[in-house]
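# Chains, contacts and geometry: an overview
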Amino acid sequence: MNQKVKIAFTGGGTGGHVMPIIAIGREIKKINPEFELHYVGPKNYCAELFKEGFISHPIISGKIRGYFSLLNAVDLLFKIPLSFAQSFFITLSVMPKLVFSKGGTGSLPVTFCAKILKIPVFIHESDSSPGKSNRITAKWAKKIFTSFEKTEYFNPQKIILAGNPIRKELLERKGEEAQKIFNLSFKKPVVLISGGSLGSTAINDAIFSVLNKLLENYEVIHISGPGNYKKMIVGLRAFLGKGLREHYHLYEFLNEVQLKNAYAVSDIIIGRAGASSIFETAALGKPSIIIPLPSSAHNHQLKNAYAYEKSGAAILKEQSNLGPNFFMGEIANVLSQKEKMKEAALRFAKPDAAEIIAKEIKEYLRSKI
């Protein structure tokens, strides 16, 4: 393995598809910096992966939605055929020794072309209920890595339970930096609230309805998402009580350094039930309240949430039940059993998932070269 060995990664749709690729890529580079990592997928993720040392190859991506939309016709007739053609020529040009798929938008054309070119395919499924692309690719995948102990649809003989790959850098506990980054007072318990990579209007609205009362008891770091931030900033001027502004820290999104520090100082985390959020929270040993996205494909977030709540590390609350007294009551309930939930979270956690997958990739390639 003295010459460069090429590995192509694919996947897209949300940050939950791409962040695990970054985590695995970092671990592969630790094992052998001579591996050449490529990314074939939607254009909007290429720049981020390029910064991580991936050679990026953007493709057009389309999808078939589970509801009526004229966009389905556009994607089916134009975007999807084009993505297959692009994927074939890119894969043929790169000729990686292995293709690794995280599923999601744009991944199926790449894995299908790998099948045609007889390139082995590994996949990772973050959720307890797989998405369409991974369900199809699983039929010819050599290995299937899963996050949850019970994952639907897959052949058990191919499965390796690894957990969801997370960036280990997020586990570095540097709470002293957080005071400067967020201007925290540390006079009250810190609550971290996030609606996922795209934000959540429902969670944001529920928070606003009790924000003044919430800030009387807690210090809040709130990630609103890109679509809600400006509206919330305007609303704060008229809504927030005097003397409470210093305890509320609103952000559109957090970069890796900011997120690491927010994790480090939070006493409780409130967020969606995407696999990345769950496994990061678990690895940190943070008690949490999880609110599944009702419109998630195959209801996977609700299934993820049930599996995590069963561990004793979190409280599940459905979005339809976000009443005005929810946050006050449930936050106090969680903090009253903080140590017990912390222990449960750490038992559930699989912080070495990225390392496990990287080693499996290395061993497989070693046996084939």
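For the structure itself, consult the block above.
Attention here is on the structure that accompanies the text. (Residues numbered from 1 in each chain as written. Predicted model: local features only at pLDDT ≥ 70, side-chain atom pairs only at ≥ 80, totals over all residues. Heavy atoms only, no water.)

The next point concerns the overall build of the protein. A tally of regular secondary structure across the protein gives 15 helices and 13 strands. Here the protein has a C-alpha radius of gyration of 21 Å; the compact-globule value for 369 residues is 21 Å, and the two agree. Every one of the 369 residues in the protein was classed for burial, and the buried ones make up 53%. Carbon together with sulfur atoms contributes 56% to the accessible area of the protein, which is approximately 16,800 Å² in total. (Helix = DSSP H or I, 4+ residues; strand = E, 2+ residues; numbered from the N terminus. Rg over C-alpha atoms; globule rule 2.2 N^0.38 Å. Buried < 20%, exposed > 50% of the residue type's maximum accessible area, 1.4 Å probe, protein only. Areas by Shrake-Rupley, 256 points an atom, 1.4 Å probe, with all protein chains shown as cover.)

What follows is about empty space enclosed by the protein. Taken as a whole and assessed by the stated rule, the structure comprises 1 cavity of 30 Å³ or more. In this structure, the largest cavity occupies an estimated 40 Å³ of space. With 4 residues, helix α1 (residues 15-31) is the largest single contributor of residues to the lining of the largest cavity. Across the lining of the largest cavity, the residue classes tally to 3 nonpolar, no polar and 6 charged. (1 Å grid on protein atoms, 1.4 Å probe; cavity = no way out; pocket = protein on both sides within 12 Å on 5 of 7 lines; lining within 4 Å. Points joined across faces, edges and corners; volume = space filled by probe spheres on them. Nonpolar A, V, L, I, M, F, W, Y, C, P; charged D, E, K, R; others polar.)

With that settled, the discussion passes to the pattern of salt bridges. If you walk through the whole model with that rule in mind, you get 15 salt bridges. Close ionic contact of Glu-169 with Arg-26 constitutes a salt bridge, the shortest N to O distance being 2.7 Å. Taken together, the residues Glu-169 in the loop between β7 (159-161) and α6 (175-182) and Arg-26 in helix α1 connect sequence positions 143 residues apart. (Salt bridge = Lys/Arg side-chain N within 4 Å of Asp/Glu carboxyl O.)

Let us now look at the packing of aromatic side chains. For the structure on display, the rule yields 13 aromatic pairs. Through a chain of ring-to-ring contacts, three or more aromatic side chains come together here, namely Phe-9, Phe-54, Phe-100, Phe-122, Phe-145 and Tyr-364. Cation over ring: Arg-135 sits above Tyr-153, and NZ or CZ is 3.8 Å from the ring centre. Taking NZ or CZ as reference, Lys-350 lies 5.5 Å from the ring centre of Phe-348, over its face. (Phe/Tyr/Trp six-rings, centres within 6.5 Å; stacked < 30°, edge-to-face > 60°. Lys NZ or Arg CZ within 6 Å of the ring centre and 35° of its normal.)

What follows concerns the pairing of strand β1 (residues 5-12). Counting buried residues along β1, 7 of its 8 residues qualify, which places the element largely inside the surrounding structure. Note that β1 and strand β2 (residues 35-42) share 6 bridges and pair parallel. In the strand pairing of β2, Phe-9 is matched with Tyr-39. Assessed by its sense of winding, the connection that carries the chain from β1 through α1 to β2 is right-handed. In terms of strand pairing, β1 meets strand β4 (residues 98-104) through 5 bridges, oriented parallel. Among the inter-strand pairings, Gly-12 is bridged to a residue of β4, identified as Gly-104. (Pairing = 2+ DSSP bridges. Right-handed = clockwise from strand over helix to strand, strands pointing away.)

Another aspect to go through is the side chain of His-38. Structurally, His-38 is set in strand β2. Given a relative accessible area of 4%, His-38 falls into the buried group. A polar contact of 2.7 Å, which involves the side chain of His-38, links it to the side chain of Glu-36. (Polar contact = N/O pair within 3.5 Å; in protein donor to acceptor, adjacent residues only side chain to side chain.)

One key point about sheets: their strands pair by backbone hydrogen bonds, in either a parallel or an antiparallel sense. As summarised here, the arrangement of the 7 strands in space is β3-β2-β1-β4-β5-β6-β7, forming an open sheet in which the pairing is parallel. At either end of the open sheet lies a strand with only one pairing partner, and these are β3 (55-59) and β7. Pairwise comparison of adjacent strand axes, ignoring direction, gives a mean angle of 20 degrees for this sheet. Of the pairings in the sheet, the one linking β2 to β3 comprises 5 bridges and is parallel in character. Opposite Val-40, over in β3, you have His-57 as the bridge partner. In the packing of α1 onto the sheet, the strands contacted are β1, β2 and β4, and the crossing angle to β1 comes to about 160 degrees. (Axes fitted to C-alpha atoms, helices over the stretch in contact; angles between N-to-C directions. Contact = heavy atoms within 4.5 Å.)

Our next topic: the sheet that holds strand β9 (residues 219-223). Taken in spatial order, the 6 strands of this open sheet run β10-β9-β8-β11-β12-β13, and their pairing is parallel. Each edge of the sheet is formed by a strand with only one pairing partner; in this case those strands are β10 (248-251) and β13 (314-316). Here the average twist between neighbouring strands, direction ignored, is 15 degrees. Pairing between strand β8 (residues 190-194) and β9: 5 bridges, direction parallel. When the sheet's bridge partners are listed, Leu-192 is paired in β9 with Ile-221. Of the strands in this sheet, β8, β9 and β10 touch helix α7 (residues 201-209), which is tilted by about 145 degrees from β8.

Let us now look at the packing of helix α11 (residues 275-284) against helix α12 (residues 300-310). Where α11 contacts α12, the two axes come as close as 10 Å, and the packing angle between them is 15 degrees. Between α11 and α12, the crossing angle belongs to the class labelled roughly parallel. Read as a crossing pair, α11 and α12 show a hand that is right-handed. Along its contact with α11, which presents Ala-275, Ile-278, Thr-281 and Ala-282, the element α12 presents Asn-304, Ala-305 and Tyr-308. (Parallel < 35°, antiparallel > 145°, perpendicular 65-115°, else oblique. Left-handed = near helix turned anticlockwise from the far one by under 90°.)

What follows is about the nonpolar core. One finds Leu-211, Leu-214, Tyr-248, Phe-327 and Ile-331 to be the most contacted residues of the largest nonpolar core, which totals 30 residues. Where this core is concerned, the elements lending two or more residues are β8, α7, α8 (211-217), α9 (229-239), β10, β11 (268-271) and α13 (326-336). Among the elements that make up this core, the one with the highest residue count is α13 (5 residues). Discounting residues that sit within four places of it in the chain, Leu-214 has contacts with Ile-193, Ile-207, Val-220, Phe-327, Met-328 and Ile-331. (Core = buried A, V, L, I, M, F, W, Y, C linked by side-chain atoms within 4.5 Å.)

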